[in-house]
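Now for the letters of each chain:
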Protein chains: 4
Amino acid sequence: MSQSKASVRDVALIVGGGPGLSASCARLFSRNGMQVGVAARNLYKPVLQDLAKGHGIKLYACDASRPESVELLFQNVVRELGTPTLVVHNIDGRVAGIFGKAIIEAEPSMVLDTLRGSAFSAFLIGQHAARLMLDNKIDVNGARGTIIFTNASAALKGFPKSGAFAMACHAKAGLAQSMARELMPKGIHVANVPIDAAIGWKQEDGTRAHRVAGTTIDDNMADPDCIAEVYLQLHRQQRSTWAFEVALRPWTEKW
Amino acid sequence: MSQSKASVRDVALIVGGGPGLSASCARLFSRNGMQVGVAARNLYKPVLQDLAKGHGIKLYACDASRPESVELLFQNVVRELGTPTLVVHNIDGRVAGIFGKAIIEAEPSMVLDTLRGSAFSAFLIGQHAARLMLDNKIDVNGARGTIIFTNASAALKGFPKSGAFAMACHAKAGLAQSMARELMPKGIHVANVPIDAAIGWKQEDGTRAHRVAGTTIDDNMADPDCIAEVYLQLHRQQRSTWAFEVALRPWTEKW
Amino acid sequence: MSQSKASVRDVALIVGGGPGLSASCARLFSRNGMQVGVAARNLYKPVLQDLAKGHGIKLYACDASRPESVELLFQNVVRELGTPTLVVHNIDGRVAGIFGKAIIEAEPSMVLDTLRGSAFSAFLIGQHAARLMLDNKIDVNGARGTIIFTNASAALKGFPKSGAFAMACHAKAGLAQSMARELMPKGIHVANVPIDAAIGWKQEDGTRAHRVAGTTIDDNMADPDCIAEVYLQLHRQQRSTWAFEVALRPWTEKW
Amino acid sequence: MSQSKASVRDVALIVGGGPGLSASCARLFSRNGMQVGVAARNLYKPVLQDLAKGHGIKLYACDASRPESVELLFQNVVRELGTPTLVVHNIDGRVAGIFGKAIIEAEPSMVLDTLRGSAFSAFLIGQHAARLMLDNKIDVNGARGTIIFTNASAALKGFPKSGAFAMACHAKAGLAQSMARELMPKGIHVANVPIDAAIGWKQEDGTRAHRVAGTTIDDNMADPDCIAEVYLQLHRQQRSTWAFEVALRPWTEKW
């Protein structure tokens, strides 16, 4: 059933680009016949150049926390790839130095930047995706499109010494929930996927790579290829059985 | 990656048998190369006889709320099919007449029967499945087996006039959560899947059927084939990214 | 405002009797002018005899997991004290030996006894309380009565090696939630109070006592007098602002 | 027990000022012997002038979404009233026009203003309160101080057509939870109180007032005096039994 989905040409946009989940999503979606775009603030990372050269993935420079930049992104994607049917917001927005800070030591400007970088950018991306998707035709699964928000365990639980990150992740979860209740009855599948672990990195050749060179993904780190597979499954769910939230964690994780 | 999983011969046991989710699971698992058994109190339903004749599925008579009956079931399954690698508990345990009853009108014996039929049977099935699976070899996904508990929206929220059902569904969710935290680090994937809608029925020929003859599954009823597909995906998840809970609902459902 | 509440004579029934929370509730409710009854399986504990002699509290023998015993209890309470306006279900139902057991080692009969002792008894007590309270007059806070279920952290989270207790506590929470949604609009305040810690014991003279003779309540143990105070506050909440769930934990507790 | 608390002079700061909950808190805290300050952007509302004249409450002009303004506020409060022992963040931050907007119509600048006005201001107030309170002596309840965040039902559930408000309320809940886990073991009681209803207004003379002149608080509107009473109870909880979250709703509210 799901396979015949190719009759509507899928266009996937992944916002946030790096050697972990975004690269895995881009490769998997591309292998499954989608047109794929990746948006990132900095396009000059080796992994992004490899995605462009090796997989024909289009790259877009975008600061997803700025309204004009997001508007331009979607204009360019529509013109070059077509209207997106799958949009993944893959930015956790943690400002360097904010994590692990006691609440009394957190720098207010960094807290605001974390909120803007994560939650506000999720709103901007989600809003533009929804606007375009509402005009999409219904595909074989009964959907006009899929919007997936990658989230973190801080969306499920506010941990000590991470007030700013807890705010941002909870905000993103609240947005996703509100959008799901509003847009699912209009044919757009919205999902929130908290990853309850660090996400490993993958080599271009498919072998696993730990974040530290020369080591491999160990058992308490999520494999980004597996997360990408869940995203594809979510995108292909028939509208009679949509999942809104799927928390993923390694078998050894304490929770 | 998931496809090579066939190297360990999968044996699936579905407990609870009817024309909805159990039949869809049995057909899908069988099509995917598994040995499949279905246990039910009454084996003389047409749908079960069709599963046996048309798909080579083994049928087992079992009252899952009785310890001896469950023990015998697993003995027979191991002898005839092999040790299960996938067990689905698919009984909601609602005693006729308990649903929609005001708390002051609920019959105590029916309340106890609902608890036994749903939560206690889930414990018995889960316990036996765990005992056997702990001795399984690790498969290509790093797992010794998968235990899935089908649940209802009453597991997520206690609705008025359904105290007994809320108790049973919450109990099953608590059991699943405890088992997941205990068994996932030992290699057994445990999942709780609340279906936030009525589940439709499917014909043997694959066409949809509403529960009322001659009508089709409408848009606020979950398609059991789609739920079965999610169960297969859960079973094939690599252990670096296990989902514990996946609530499924139709696009038009209020929640 | 709350103080004038005494115009309706409060009758409190505490089900489950011991030297911890039940005794603290009984003493506090009595000091606040209520008629107080305590029901327990075994009335010959020193603390219960002290409550009867020192505070005029009526004792009732009752096995709260048996329908006839609960029916008799309420008949006797109504005749001797009057119709209850506050009922506290204070039984955790843990069968000795069930806690800390791996799921594969739990004895089925103990699991069923835990479900009966905790969740089913909560249903029986709640049902009888509701039946009587629906006929109560509305008091100064706009209520016909208050039903409080004492619960445990296992109601919030299913911990490993405590499947049976997780089932029972989740079931009780589901019951409480269903009853709250059904009965609050009819004027009965229903509350679920998970205590996320061990509960200490108190001496008759008000001094604190650890469970081990000669020691005092330490900082990671909940003081039962403080929990009782929260119960009294819940009972006195005006119906414009009812709390359904209040989880209580010591300041040093990890959660 | 709670009554002897007066030995440490309580200083309460309420941030956000209006005729509903803030005024009720100010009057109740003042009646209970606390020094009380109310901070608001606009001090020239009649209700604030009445609080100042009739109850000796100090007023502070403050834009709680601006770091310098919050810093100045706490400097002035410490100098004029003393170090706060109770701080209530009582701003919902809804920008006029943001509520009830479809996600595709929400104005990005209004979304950001809502996040700043509600969640970011909660961080600023909470951070300053925590810094000061960590130096407070321990009072009779074992606490150095209490920080309460008033929240809304949008913190519990993301409703359709209110994405921005869901983000802000969820963010505030995540912050509160992170602060509670971090600060409770240091002696600061942190609480999140979602009010699952509109909050009514009260007259200076204590009589109830609906928001529409001449009418009274009806039964599906929370009475602000009752909420204030819960805040006082939270402040006086002994540290062996702290509640983190208390959702309050009228008896007739659907949830």
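Definitions and limits used
Residues numbered from 1 in each chain as written. Chains lettered and ligands numbered in written order. Predicted model: local features only at pLDDT ≥ 70, side-chain atom pairs only at ≥ 80, totals over all residues. Heavy atoms only, no water. Helix = DSSP H or I, 4+ residues; strand = E, 2+ residues; numbered from the N terminus. Rg over C-alpha atoms; globule rule 2.2 N^0.38 Å. Buried < 20%, exposed > 50% of the residue type's maximum accessible area, 1.4 Å probe, protein only. Areas by Shrake-Rupley, 256 points an atom, 1.4 Å probe, with all protein chains shown as cover. Lys, Arg positive; Asp, Glu negative; His and termini not counted. Charge placed at Lys NZ, Arg CZ, Asp CG, Glu CD. Salt bridge = Lys/Arg side-chain N within 4 Å of Asp/Glu carboxyl O. Contact = heavy atoms within 4.5 Å. Buried area = accessible area lost by both parts, 1.4 Å probe. Polar contact = N/O pair within 3.5 Å; in protein donor to acceptor, adjacent residues only side chain to side chain. Nonpolar A, V, L, I, M, F, W, Y, C, P; charged D, E, K, R; others polar. Phe/Tyr/Trp six-rings, centres within 6.5 Å; stacked < 30°, edge-to-face > 60°. Lys NZ or Arg CZ within 6 Å of the ring centre and 35° of its normal. Least-squares fit on C-alpha atoms with pLDDT ≥ 70 in both. Expected span 1.5 Å × (residues − 1). Bend = angle between axes of the 7 residues up to and from the residue. Core = buried A, V, L, I, M, F, W, Y, C linked by side-chain atoms within 4.5 Å. Axes fitted to C-alpha atoms, helices over the stretch in contact; angles between N-to-C directions. Left-handed = near helix turned anticlockwise from the far one by under 90°. Parallel < 35°, antiparallel > 145°, perpendicular 65-115°, else oblique. pLDDT = per-residue confidence, 0-100. Pairing = 2+ DSSP bridges. Right-handed = clockwise from strand over helix to strand, strands pointing away. Disulfide = S-S within 2.5 Å.

(A) Quick look at the overall build of chain A. If you tally the helices and strands in chain A, you get six helices and 11 strands. Here chain A has a C-alpha radius of gyration of 17 Å; the compact-globule value for 255 residues is 18 Å, and the two agree. Taken along its principal axes, the extent of the C-alpha atoms in chain A is 55 × 40 × 35 Å. Here chain A holds 255 residues, and 63% of them are scored as buried. Here chain A displays about 9000 Å² of accessible surface, and carbon together with sulfur accounts for 51% of that area. Where the 28 positive side-chain charges of chain A centre and where its 23 negative ones centre are 3 Å apart.

(B) Region of interest: the pattern of salt bridges. Inspection of every chain in the model, using the stated rule, returns 16 salt bridges over all chains. Measuring nitrogen to oxygen at the nearest pair gives 3.3 Å for the salt bridge that ties Lys58(A) to Glu80(A). On the criterion of sequence distance, the pair formed by Lys58(A) in strand β3 (residues 58-61) and Glu80(A) in helix α3 (residues 67-80) is long-range, its members being 22 residues apart. A relative accessible area of 38% places Glu80(A) in the partly exposed class. Here Arg66(C) ties to Glu68(C) by a salt bridge, and the two come within 3.2 Å at their closest N and O atoms. Look at Glu68(C) and you get partly exposed, because its relative accessible area is 45%. A single salt-bridge network, built from bridges that share partners, covers Lys58(A), Arg79(A) and Glu80(A).

(C) Region of interest: the interface of chain C and chain B. Each partner contributes to the interface: chain C provides 39 residues, whereas chain B provides 41 residues. Taken together, the two surfaces of chain C and chain B that pack against each other cover about 3300 Å², and 72% of this comes from carbon and sulfur. Across the contact surface, chain C and chain B share zero salt bridges. Joining chain C to chain B, the criterion identifies 18 residue pairs in polar contact (both at pLDDT 80 or more). Secondary-structure elements contributing two or more residues to the side of chain C that touches chain B are α4 (108-133) and α5 (163-183) of chain C. Looking at the side of chain C that touches chain B, the element that brings in the most residues is α5(C), giving 14 residues. Residue classes in the side of chain C that touches chain B are distributed as 24 nonpolar, eight polar and seven charged.

(D) Main features of the packing of aromatic side chains. Here the structure, examined in full by the defined rule, presents eight aromatic pairs over all chains. Seen from their ring centres, Phe244(A) and Trp255(B) are 5.4 Å apart, and the 45° between their planes marks the pair as tilted. On the criterion of chain membership, the pair formed by Phe244(A) in strand β11 (residues 242-249) and Trp255(B) in the segment after β11 (242-249) is interchain, its members lying in two chains. Judged by relative accessible area, which is 21%, Trp255(B) ranks as partly exposed. Over the face of the ring belonging to Trp251(A) we find Arg239(B), whose NZ or CZ atom lies 3.7 Å from the ring centre. Above the ring of Trp255(D), the side-chain terminus of Arg249(D) is found at 4.0 Å from the ring centroid.

(E) How the structure looks around the relation of the copies chain C and chain B. With an RMSD of 0.0 Å, the fit of chain C onto chain B corresponds to turning through 180° and sliding 0.0 Å along the axis. Such a combination of rotation and displacement between the chain copies is what one expects of a two-fold axis. Taking C-alpha positions as the reference, the residue of chain C nearest the rotation axis is Ala171(C), at 2.3 Å. Most of the interface of chain C is mirrored in chain B, where 100% of its interface residues again form contacts.

(F) Just α4(C), in detail. Residue and element names in this part refer to chain C. Taking 1.5 Å as the rise per residue, α4 with 26 residues should run 38 Å; its terminal C-alpha atoms sit 36 Å apart, in good agreement. If you look at α4, its biggest bend is around 30°, right at Arg116. For α4, the tally of buried residues reaches 20 of 26 residues, placing the bulk of the element in the interior.

(G) Quick peek at helix α5 (residues 163-183) of chain B. The end-to-end C-alpha distance of α5(B), which contains 21 residues, comes to 30 Å, matching closely the 30 Å that a straight helix rising 1.5 Å per residue would cover. Within α5(B), 21 of the 21 residues are buried, which leaves the element mostly enclosed by the surrounding structure.

(H) Representation of the environment of Val95(A) within the structure. All names here are of chain A. Within the secondary structure layout, Val95 lies in the loop between β4 (86-89) and α4 (108-133). With relative accessibility at 24%, the residue Val95 sits in the partly exposed group. Distance in space between the C-alpha atoms of Val95 and Ser109 is 10.0 Å, their sequence separation being 14 residues. Apart from residues lying up to four places away in sequence, Val95 is in contact with Met110, Asp113 and Thr114.

(I) Expanded view of unusual backbone geometry. All names here are of chain B. In this structure, Lys161 takes a positive phi of about 60° despite not being glycine. Mapping Lys161 onto the fold places it in the loop between β5 (145-152) and α5. Using a relative accessible area of 43% as the deciding quantity, one classes Lys161 as partly exposed.

(J) The nonpolar core, seen in detail. Counting 92 residues, the largest nonpolar core has Leu73(B), Phe123(B), Leu73(C) and Phe123(C) as its most contacted members. Not counting chain neighbours up to four residues away, the residues in contact with Leu73(B) comprise Leu13(B), Val15(B), Ala39(B), Tyr60(B), Cys62(B) and Ile125(B). If you look at the next biggest cluster of nonpolar residues, it comprises 90 residues, including Tyr60(A), Met133(A), Ile147(A) and Ala122(D).

(K) Quick peek at the packing of helix α3 (residues 67-80) of chain B against helix α4 (residues 108-133) of chain B. Residue and element names in this part refer to chain B. In the contact formed by α3 and α4, the axes pass within 10 Å of each other and the chain directions differ by 35°. Here α3 and α4 pass one another in a crossing that is right-handed. Facing Pro67, Val70, Glu71, Leu73, Phe74 and Val78 of α3, the residues of α4 in contact are Phe120, Leu124, Ile125, His128, Ala129 and Leu132. Tallied by class, the residues present in the contact of α3 with α4 amount to 10 nonpolar, one polar and one charged.

(L) Spotlight on the side chain of Thr146(D). Residue and element names in this part refer to chain D. Among the structural elements, Thr146 can be located in strand β5 (residues 145-152). Using a relative accessible area of 1% as the deciding quantity, one classes Thr146 as buried. Other than its neighbours up to four places away in sequence, Thr146 contacts Thr85, Leu86, Val87, Met133, His189 and His235.

(M) Quick look at the environment of Gly117(A). Residue and element names in this part refer to chain A. Among the structural elements, Gly117 can be located in helix α4. Between the alpha carbons of Gly117 and Ile227 there is a distance of 22 Å; along the sequence they are 110 residues apart. Each residue touching Gly117, except ones within four places of it in the same chain, is listed here: Ser65, Ile91 and Gly93.

(N) The arrangement of the packing of helix α1 (residues 21-31) of chain B against helix α6 (residues 224-236) of chain B in detail. Residues and elements named next belong to chain B. Contact geometry for α1 and α6: axes closest at 8 Å, N-to-C directions at 55°. Considered as vectors, α1 and α6 are oriented oblique to each other. Classified by chirality, the crossing of α6 by α1 is right-handed. Along its contact with α1, which presents Leu21, Ser24, Cys25, Leu28 and Phe29, the element α6 presents Pro224, Asp225, Ile227, Ala228, Glu229, Tyr231 and Leu232. Within the contact of α1 with α6, the residues separate by chemical class into nine nonpolar, one polar and two charged.

(O) Spatial organisation of the confidence of the model for chain A. Residues and elements named next belong to chain A. Here chain A shows a mean pLDDT of 91. Residues at 70 or above account for 90%. Scored below 50 in pLDDT, residues 1-6 makes 10 contacts in the model with residues more than four places away or belonging to other chains. The complex model carries a pTM of 0.95, and its ipTM stands at 0.94.

(P) Looking closely at the pairing of strand β2 (residues 35-40) of chain A. Residues and elements named next belong to chain A. For β2, the buried fraction is high: five of the six residues fall into the buried class. With five bridges joining them, strand β1 (residues 11-15) and β2 adopt parallel strand pairing. Bridging across to β2, Leu13 finds its partner in Gly37. Note that the unit made of β1, helix α1 (residues 21-31) and β2 has a crossover that is right-handed. Direction of pairing for β2 relative to β3: parallel, over a ladder of four bridges. Residue Val38 lies in a different strand from β3, and its bridge partner there is Leu59.

(Q) Structural context of the side chain of Gln127(B). Here Gln127(B) lies in helix α4. When near neighbours in sequence (up to four residues on either side) are disregarded, Gln127(B) contacts Ile103(C), Ile104(C), Glu105(C), Ala106(C) and Pro108(C).

(R) Here's a closer look at the state of the cysteines. Residues and elements named next belong to chain A. Scanning the model with the defined rule gives zero disulfides over all chains in all. Here Cys62 is not disulfide-linked; the sulfur of Cys25 is the nearest cysteine sulfur, at 17 Å. Not engaged in a disulfide, the cysteine Cys226 finds its nearest cysteine sulfur in Cys25; these two sulfurs lie 12 Å apart.

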